[in-house]
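# Secondary and tertiary structure notes
Each chain, written out:
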Number of protein chains: 2
Amino acid sequence: MTQNTTDFYQVKEKMYVATDCIIFGLHEGKLKLLVFKRKVEPLSGEWSLIGSFVRLDEDLEVAGQRVLHEATGLENVFMQQLKSYGKKDRDPGYRCISVAQYALIRIDDYNEQVVEEHGAKWFEIDDLPALILDHDLMVQDALRQLRQNARYQPIGFELLPEKFTIPQLQLLYEAIYQKELDPRNFRKKVFSFNVLEKLDEKDKSTSKRGAFLYKFNYENYQKLLKSGYNFEIA
Amino acid sequence: MTQNTTDFYQVKEKMYVATDCIIFGLHEGKLKLLVFKRKVEPLSGEWSLIGSFVRLDEDLEVAGQRVLHEATGLENVFMQQLKSYGKKDRDPGYRCISVAQYALIRIDDYNEQVVEEHGAKWFEIDDLPALILDHDLMVQDALRQLRQNARYQPIGFELLPEKFTIPQLQLLYEAIYQKELDPRNFRKKVFSFNVLEKLDEKDKSTSKRGAFLYKFNYENYQKLLKSGYNFEIA
DNA sequence: GTAATAAATGTAAAATATACATTTAATATG
DNA sequence: CATATTAAATGTATATTTTACATTTATTAC
């Protein structure tokens, strides 16, 4: 499958810095990861995270946003640095340190065409293909950190549309933690944080009765954070 | 104070990767940070974290251990990656990404002489001098992460000698969280984790009665982690 | 108007966290 | 050797949080 790639290996006499993006999305209550079919040698045709070398005149975060933009067309996406991967043999071609950054996007917002154009595909989190190099490790680390961060930040809101219902929010957390939650207890908990604003609209796409839409109140969230509170949900 | 360093600035045509170490230690119940008086231009004479460029044939973690060893003489120290700092202008001399790693060491183990030789000094955490570049930021980030991690890992044990007393352990957590803890509740909590082994020895350095020494049981800790438990203390 | 469906809600029991004061072991001192 | 001194060690009652669990409600489709 993978052709002989020996030609592409080169002497490691220079240090490179790359950034790789772990792109999470939510679709129909499932947490997904965006992976790309690699188009260049070596390892052409293999599944991979999307990444790029960091430019000399470019901040690290800017590089992450650029990669994300080039790959998806999206801008100003929620993105957070995970950690850097620096085993000396992690990349057979270069001596390369990769700074992994993870992004959360709303799949509904997403221009599906751009995905196709880039040979990209959304995979469900528990059904991922093998990825090149140490990208599998990056994904596992990112998942762990996503779960961890979701305990203390309303990070999940990045994955939902601006207006969302409580059942949607619950599905999101169930997807992140891979565990069913009790709807009564879940509501109690999220309301207790005082960061949801109930709207006068309903979403009737999933039931006859319809579920009220809410939006997130960032001001109250900021207050909550300053008061040292833990946004622990699952 | 700082002399004119213009001579040292150079064209940024190459990417460098460095690692900087945030070295925490515990001494007399106080959490301290090891900082170094910089000996080379630019910014000679200023306080700084200790760091080094990462070598081409060196894993990132190995680079961290090397820096730590060169600076303190210690080996196999607990060390954890914090994050990478990559603003394009963060270092006026080079285009340099720095991977920050933080270490926890037992100041008693420590060869005080080596510290002096390197122009290093232990500062109390709430009385730090200004550091060069973005090192202040690194320290603040590291402190936040130390506090965060201490909630879920018995990270604090790295800062204590192999044998320690409960009051010592409590002082450590009080230093990390900068807050007084109730001795009865603290004991209940740490014992509930089942990771302490009581020894038949006492430490009588702080009281006539003496306090029993304990050691940490890594096996039980591993079990605890696998069962998904939270090692939350403060 | 009846059936169907997901949304919305409350309460009691269990577990956990908090607040708080006394006794104990060992040494030092007169 | 009796007493004073000191930090170590311990238990309990209360408040808070978490968990478990079943019914009613609003709306649409037939």
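Reading the values: rules and limits
- Residues numbered from 1 in each chain as written.
- Chains lettered and ligands numbered in written order.
- Predicted model: local features only at pLDDT ≥ 70, side-chain atom pairs only at ≥ 80, totals over all residues.
- Heavy atoms only, no water.
- Polar contact = N/O pair within 3.5 Å; in protein donor to acceptor, adjacent residues only side chain to side chain.
- Helix = DSSP H or I, 4+ residues; strand = E, 2+ residues; numbered from the N terminus.
- Pairing = 2+ DSSP bridges.
- Near = heavy atom within 4 Å.
- Nonpolar A, V, L, I, M, F, W, Y, C, P; charged D, E, K, R; others polar.
- Salt bridge = Lys/Arg side-chain N within 4 Å of Asp/Glu carboxyl O.
- Buried < 20%, exposed > 50% of the residue type's maximum accessible area, 1.4 Å probe, protein only.
- Phe/Tyr/Trp six-rings, centres within 6.5 Å; stacked < 30°, edge-to-face > 60°.
- Least-squares fit on C-alpha atoms with pLDDT ≥ 70 in both.
- Contact = heavy atoms within 4.5 Å.

## Some points on helix 5 (residues 183-192) of chain A
Its side-chain oxygen 2.9 Å from the backbone nitrogen of Arg184(A), Asp182(A) forms the N-cap of helix 5 of chain A. Of the residues flanking the end of helix 5 of chain A, it is Asn194(A), one or two places downstream, whose phi is positive at about 65°.

## So, the sheet that holds strand 9 (residues 196-203) of chain A
All names here are of chain A. Spatially, 3 strands are ordered 8-10-9 in an open sheet, and the strand pairing comes out antiparallel. Here the strands that pair on one side only, and so sit at the sheet edges, are strand 8 (164-165) and strand 9. Bridge count for strand 9 against strand 10 (residues 211-216) is 5 bridges, and the pairing is antiparallel. Bridge pairing links Leu196 to Phe216 in strand 10.

## Some words on the protein's contact with DNA strand C
The immediate surroundings of DNA strand C are formed by 20 residues, with Arg187(A), Lys188(A), Arg209(A), Arg184(B) and Arg209(B) found nearest. Note that a phosphate oxygen of DNA strand C is positioned 2.3 Å from one of the side-chain N or O atoms of Arg187(A). Within the side chain of Lys189(B), one N or O atom sits 3.2 Å away from a phosphate oxygen of DNA strand C. Contributions of two or more residues to the surface near DNA strand C are made by helix 5 and strand 10 of chain A together with helix 5 (183-192) of chain B. Residues that form the surface near DNA strand C fall into these classes: 3 nonpolar, 4 polar and 13 charged.

## Description of the pattern of salt bridges
Going through the model one piece at a time under the given rule, you end up with 18 salt bridges over all chains. Across the pair Lys87(A) and Glu61(B) runs a salt bridge, and its minimum N-O distance is 2.8 Å. Pair noted here: Lys87(A) is in the loop between strand 5 (78-85) and strand 6 (95-106) and Glu61(B) is in helix 1 (residues 60-72), and the two residues belong to different chains. A salt bridge links Arg66(B) to Glu58(B); its shortest N-O distance comes to 2.6 Å. Note on Glu58(B): relative accessible area 6%, which makes it buried.

## Brief notes about the packing of aromatic side chains
Residues and elements named next belong to chain B. This model, assessed by the stated rule, comprises 20 aromatic pairs over all chains. Measuring from ring centre to ring centre gives 5.0 Å for Tyr16 and Phe53, while their planes differ by 35°; the resulting arrangement is tilted. You can see Tyr16 sitting in strand 1 (residues 15-27) and its partner Phe53 sitting in strand 4 (residues 50-53), a full 37 residues away along the chain. Between Tyr173 and Tyr177, the ring centres sit 6.2 Å apart and the planes meet at 25°, which makes this aromatic pair stacked. With a gap of 4 residues between them, Tyr173 and Tyr177 both fall in helix 4 (residues 166-177), about one helical turn apart. Accessibility expressed as a relative area gives 0% for Tyr173, which makes it buried.

## Re the relation of the copies chain B and chain A
In screw terms, the move from chain B to chain A is a rotation of 180° and a rise of 0.0 Å along the axis, fitting with an RMSD of 0.1 Å. On this basis, the relationship between the two copies can be described by a two-fold rotation axis. Residues of chain B ranked by C-alpha distance from the rotation axis are headed by Lys83(B), positioned 2.7 Å from it. Here 96% of the contact residues of chain B are again contact residues in chain A; the copies associate through an equivalent surface.

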